[in-house]
Structures are given as C-alpha cells and as structure tokens.
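An overview of the molecular structure
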Amino acid sequence: MAPLLDVQHLTTHIRTAGRRVVQAVDDVSFQLEAGETLGLVGESGCGKSMTGLSLMGLLPPGGAMIKDSSIRLAGRELVGLPDRELRRIRGNEIAMVFQDPMSSLDPTKTIGVQVAEPVLLHRGCGRAEAMERAAEVLGLVGLPHPKERLKDYPHQLSGGLRQRVMIAMALANEPKVLIADEPTTALDVTIQAQILTLLQDLKDRLGMAMILITHDMGIMAGHADRVNVMYAGRIAESTGTEELFGAMRHPYTQGLLAATRRWPRTAASSCTPSPACRRTSPTRRRAAASPSAAPTPRTGAGRRSRGCSATTDTCSPAGTRPPVRSTRPHRPGRCCWTRRPPRPVTPWSATSWSVTSQSVTSWSGRPRPRTPKRRLSPRAGCSKCGTWSRSSR
Amino acid sequence: MTGGGLFGGGKQVVHAVSDVSLSLGYGETFGLVGESGCGKTTLGRMIVGLEVPSSGTVTLDGSDISSLRGREQRRRRRDLQMMFQDPFASLDPRMRVGSTLVEPLQIQGIGTAKEQLERAAELLAEVGLPRNALDRFPYEFSGGQRQRIGLARALALTPKVIVADEPVSALDVSIRAQVLNLMKRLQASHELSYVVISHDLAVVKYLADRIGVMYLGQMVEVGSGEDIYQRTAHPYTAGLLEAIPVPEPALERSKRGGGIKGELPSPVDPPSGCRFRTRCPLAQDKCAEEQPVLRSFGEGHVAACHFPLRTPLPVQPSAADANAAAAGGTTAQV
C-alpha cells in the first residue's frame, strides 16, 4: 500500500532580496504512514521549516519554487496542483501548527471565529454549526469552558492557551497530516510538556500522522517514531528514534546531541562530568562556528566548512557530495564518515543520488556553476582530522 | 528584598516580587529560574536599579544602593550592569557597534574619545569579535554575535555584578554553548559576579553556583546545583526538572502524561497560603491556610513547603538565619 505522505526529491529554491538563489531544501525524500510521528531536527536555517511550508504549499510569494519534486498525499500529487485545488487540501487534509502563538493568531478576531474559519471554508456548513464545532475542538485541546471562551480575543489568553487554540484551528477538520513547526519553542518547560502530551494524545485518538519540527533532541527522543536530522537543507541522517539515540552515525547529529546538555536525574542514571571531562569527552563536543551560511548550496557533505570533527579528504571531491549510504537497511545517512564501514550503496539511495547532480540555475536562466560562497573555505579536508576544528573564517 | 515591584495598571496592583531575599558572593553566579511571569525579570531589573522596589533594599559592598539618587546613583551603577534577553531589540539599530560600546564610557565620563574607542576595540576582542565590527551596524550580525556585543557593552565599565536576563534563550542550541562558555571565561578573567535569569534549568545549572527557584513572585527553593538537581526538596522544583526533555527515548517516553498540571495563576490575586498549592500534587488542607516559610535542608539549601520531598533538618532556623547561612562573602545583598 502506498504511504500516506510520500515526498520524493523535494527541492525548494528561494530568491533572496539580493537576487541570490538559496536552495533552502535540497533533495529531501521521506515517507509517512498514518499514525506515525516523523521528527525533523536541526538548527535554525537548516531547512526544516521550509520543508514544512513546502509541503503545505505556503512558500513566500515572488521567487520561491519547488523543483523536480513529488509530494503525494494519499496517492495524490500536490506539486503543480492549481491554487484552487490546493486550497481545498490545505487546512483540510494537511494542516500546520506554527511556532509563535503570539503572532500567528489574528489579534482582531475572537478565537471562536478563528477556529470556525477552516470549518466554514471546507465543510460548507452554517455559521452556528461552525461555531459549535469550534467549541467542540477547543474542548478537545483542553481549553477550559470552551463555550464561554469562544468570544475571547487572543490577548486574553496565556501563551500555552494560545498554542492550544492554534492546535484547535489545525485540527478543526481532522486532517490526515499535521505539521507542528516548533510548537513549544515559545513556551515554558511545564507548558511544553503539556502541549506535547496533548499533541501525542490527539494524534493517537484521531489517527493522524504528524511531522514534528524542533531543534530539541529531548523532544525528539520522547515524541518521534522516526527522526530526520537536517543540515544545510539536506537530510544528514534518517532513522528510527531508538536507533538514532543508540548509535549516532553522522558527526553533525553527534554535535547536535552534545549541544543539548543532559543532566543526571538521579545519582544512578549517569555521572556528573567534571569541567575537564566536559571539555574533552567526545559526547560533549560541540558544533563549532556559526551556521549563518547554512542554507546556501554547497559542495561536499554540506558540513565541511563548519568544523566537522571527522573531515577527511574523501569528504569533498570538488563539486560532489556524498550519496546517502546505508550502514544498515532502512538507515540512510549522508556522510562519508561513519563509525563503522558502510554497506554498499542500496538501490534506494542510488536513485536519490542520481538526481542530485544538477547545477543550480540562476534566475536569469543561465546555469550557474555550483561553487561555494567566498567565506566557505575551499580547502579539502582538515589537517586535524578526528578533532573538532574551528571553521577557517 | 522585602516588598515588591509595583506595576500600576490602572486599578490593579500586581506584586510582581514579594519578600525575596538573596545574596551573591564575589565571583559567584546566582541562577534564577521559574516560569514566565514568576517575577524573575522584575527582580533582576530591581537589582540593577531599572525598577524601583516599593520596599526593601539592594546592598552592594555593604552600602545600600537602592536609595541613591542622581549623580551618586549614576556613579554606583558602574558596578551593576545588565545583559538583556533579546539581542535584536536591545541594540539600537541606528547606532554603529562602536558608538554603542562607547556610550556608557561617555555617560560616565571615562577617558578621552580616543581612549574610549580603544577600549571599545579591546572589549570586542575580549568577546571574540574583529575590530572592524566597530564600524558596523547591529543588523550585520547574527544573534550570537549580537549577544556578544551585548556582553561587551555590559563589560565596558568593568562592573562587579552583571545581571544576565535570559542570555541565550533567543539563540540556537549550537550557539548557546559558545555564549555560555564565553560568559564563564570572562567571569574568571574579570572576577565578575553574575545573576543569571533563565527559564531553562540546563543553562542555569551550567553557569550557576547557587540556584533560586521562583514561583509567583516568591523564592520557593534556594540551593547549590546539586541540592536543586539531586536533593530536590520542593515539589515545584521537582516538576520543573521532570518537564525538561532529555535525549533518552526510553526515559522520555516513560514520563508521558506526568508533570505539573495547569498554568501559573494570576499574580493579581495569588492563591492563599502556599502559592503553588493549586498545581501541587502533594497539596493538603494546611497548604491553603498557612504560608510555608523557608526551612533548611542542608547547608545553604532552603525550601518553602509544608510537605517537602525530603526531611528538613531537625533544628529549624528562621528564614532569616537560613538566608544568612547561604550568604557567604557578600557583594550584593539584595
């Protein structure tokens, strides 16, 4: 049976103010089954939000485009669908919860009207009926006294309650796929735990599939079934959650985890490292340098200029990038360097590689050679291989 | 600090902070944690004098600075500087970084224009930015770099105490570590004392020698990092720790559905007795009637709870004694 959501070679280009083309999402492929939670994790600017927006067809106007990609929702191709058709799907079969509940709700409309809007648009029912549905959904997401609060404005609610309203808006039509883009970043840890538990409950009850976008490895560990680690617009590592935390393959994933400090709960669970241990322990190595240039198209593993711990000459033959290779079945990871020698290229990754060797086309139509930006060091490999080196800026 | 910051919003008066005492030793870091709206930022602003407490004092090096006004106050402010939360809002977008760094020196009348500029360049070097940043505008920098500029500005007058309000919460995880390490390094080289305010317990644990947990304007538990994390006494602290996501799938999945229920009540009309009782899993009748006092759970470890998770020390010193025990060498007694 075909998966619920099948994304193949998703590539999104954005034109920036300076007329430069940024490849925000670069050949991302994944599949999502009903009832499954897929995590997208990475730093700001790594393309995880743009992946979500691409799936929703909500790209910034004037210059963004999806190239040579396929997004199939329940067997139906979304790329290239006319706007009118897309509007019927968006907010109905696929919905999104945005990061900042302070700015994503309309301050001039009551929450009842905002939650009822998608119902009115997609169900063709009357206002009263839509409001009734709004109260029902608001109750579902745990807003106390939903009927009385329909006439409240967003400013009358706390951050946690606003995020619940956002979730209610997304769920009003019981979508098949819910994209949650950093749903808890603006919230306190206590409220964060409540919201994540709520999302998990609702997902189980409604049988939705969820794409959970976050930069927090702890949230991934608790709520995702599978994790895609993204870096510079690409998937660096993709695997089941238990497997990922059991054995990280990609050096970037290890860096991300090291940056998420973990504290011992009880004396028995682990030890408290001394400052010296903290400096030298490999699990505490941190990703060095700034990711300011992360989303630009680049050569090599997409990470070579960021002070990767494992950079060697093999990482970056000019103009190429490593294919997604598998060390185990169903475990692709895009890096030359893994802890254990990789298996031969699997058929899945072979197809993924074959379409990526295209040059970026500039907006004037002339092909532009795929060259790294000036600040990205062109040197091949790192002399201090095996150590985390600072980027040569 | 007795009394609290007074926010007059028309008719309602909010006691943002009520009856909080803390002390800070030389070269020490005090971490303040709590949910949004618990009064930790107001407390930080009162320490540096940006907010005037309705009652209570801030003592620095033995002298009361909260009652100073005018020229005298301006002179003493050199010793207390603030590093703000939002690196995008706290730098004037129309001022070059050089002017931003020179401004405190100009206000305090320190050095000639040339010396001031030299000092600004020195500060940039200390926080790891190139000299040419002097002539650039804030928009040309990333969030992490801006926060470095904010730190350089706070360092300009060689203060004794820096109050850092959510220094890294606006930054990416991989950049956070760099800024925190920089703060630690500068603390060692400048003999700084920090008050670090954050809702992220991991950040506070990394930086702070002692940690104070605030709830609705009150300090509910104070102790060393180990006291707070491994010998937790207050159920609120335990709930906060429980809520931190940890990158261990088995552990993380086992605690689904637990944690603190509900939201922070309104500080306009706080619950009677123990303020945490409305969300506390251990609350009993006594909690609604009687406000708990800080009791000692070990050296420098105090918590205010009727039914704590650990047994308090048999001899119960009064709250004032417990605070005095926690004081150590005092720079700023607040």
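Attention here is on the structure that accompanies the text.

**Some words on the environment of alanine 170 of chain B**
Residues and elements named next belong to chain B. Locating alanine 170 in the fold gives a position in the loop between β8 (161-165) and α6 (173-190). Each C-alpha atom, one on alanine 170 and one on valine 196, is 15 Å from the other, the two residues being 26 residues apart in sequence. Discounting residues that sit within four places of it in the chain, alanine 170 has contacts with Gln85, Asp86, Pro87 and Gly143.

**Regarding helix α4 (residues 111-123) of chain A**
Residues and elements named next belong to chain A. Helix length check: α4 (13 residues) gives 19 Å between terminal C-alpha atoms against 18 Å at 1.5 Å per residue, within 8%. Taken together, the buried positions of α4 are occupied by Ile111, Gly112, Gln114, Val115, Ala116, Pro118 and Val119. Packing partners of the buried residues in α4 comprise α5 (127-140), α6 (146-149) and α7 (159-171). Within two residues after α4, glycine 124 carries a phi angle of roughly 60 degrees, on the positive side.

**Concerning the sheet that holds strand β12 (residues 294-296) of chain B**
Residue and element names in this part refer to chain B. The strand order across the open sheet formed by eight strands is β7-β8-β9-β4-β10-β11-β13-β12, and the pairing between neighbours is mixed. A strand with exactly one partner marks an edge of an open sheet, and here the two such strands are β7 (80-83) and β12. If you compare each strand with its neighbour and ignore which way they point, the axes differ by 20 degrees on average. Of the pairings in the sheet, the one linking strand β4 (residues 29-33) to strand β10 (residues 210-215) comprises four bridges and is parallel in character. Within the sheet, the bridge partner assigned to leucine 32 lies in β10 and is glycine 212.

**Digging into the pairing of β10 of chain B**
Across a regular strand the side chains alternate sides, sitting on one face of the sheet and then on the other. Residue and element names in this part refer to chain B. With six of six residues buried, β10 is to be regarded as a mostly interior element. Where burial is concerned, the two faces of β10 agree: the one with Arg210, Gly212 and Met214 and the one with Ile211, Val213 and Tyr215 are both buried. Relative to strand β11 (residues 218-224), β10 runs antiparallel, the two sharing six bridges. Bridging from a neighbouring strand, valine 213 pairs with glutamate 221 of β11.

**Comments concerning the nonpolar core**
Counting residues in each nonpolar core, the largest one holds 171 residues, and the members touching the most others are Val115, Ala134, Ala168 and Val177 of chain A together with Val195 of chain B. Top contributing element to this core by residue count: α7 of chain A, with eight residues. Residue contacts for alanine 168 of chain A: discarding those within four places in its chain leaves Val115, Val137, Leu138 and Val141 of chain A.

**Observations regarding the pairing of strand β10 (residues 226-231) of chain A**
Residues and elements named next belong to chain A. Counting buried positions along β10 yields six of six residues, so the element is predominantly enclosed. Sheet analysis places strand β3 (residues 37-41) next to β10, joined by four bridges and oriented parallel. Bridge pairing in β10 places leucine 40 opposite asparagine 228. Strand direction decides the pairing type here: β10 and strand β11 (residues 234-240), joined by six bridges, are antiparallel.

**Digging into the packing of helix α8 (residues 189-206) of chain A against helix α9 (residues 235-243) of chain B**
Running from N to C, α8 of chain A and α9 of chain B point in directions that differ by 55 degrees, and their axes come no closer than 8 Å. As far as their axial angle goes, α9 of chain B and α8 of chain A are oblique. Note on packing geometry: the crossing formed by α8 of chain A with α9 of chain B is left-handed. Two secondary-structure elements touch here, α8 of chain A through Val189, Thr190, Gln192 and Ala193 of chain A and α9 of chain B through Gly239, Leu240 and Ala243 of chain B.

About the cut-offs
- Residues numbered from 1 in each chain as written.
- Chains lettered and ligands numbered in written order.
- Predicted model: local features only at pLDDT ≥ 70, side-chain atom pairs only at ≥ 80, totals over all residues.
- Helix = DSSP H or I, 4+ residues; strand = E, 2+ residues; numbered from the N terminus.
- Contact = placed C-beta atoms within 7 Å.
- Expected span 1.5 Å × (residues − 1).
- Buried ≥ 20, exposed ≤ 12 C-beta atoms within 10 Å, placed from the backbone.
- Pairing = 2+ DSSP bridges.
- Axes fitted to C-alpha atoms, helices over the stretch in contact; angles between N-to-C directions.
- Core = buried A, V, L, I, M, F, W, Y, C linked by C-beta atoms within 7 Å.
- Parallel < 35°, antiparallel > 145°, perpendicular 65-115°, else oblique.
- Left-handed = near helix turned anticlockwise from the far one by under 90°.

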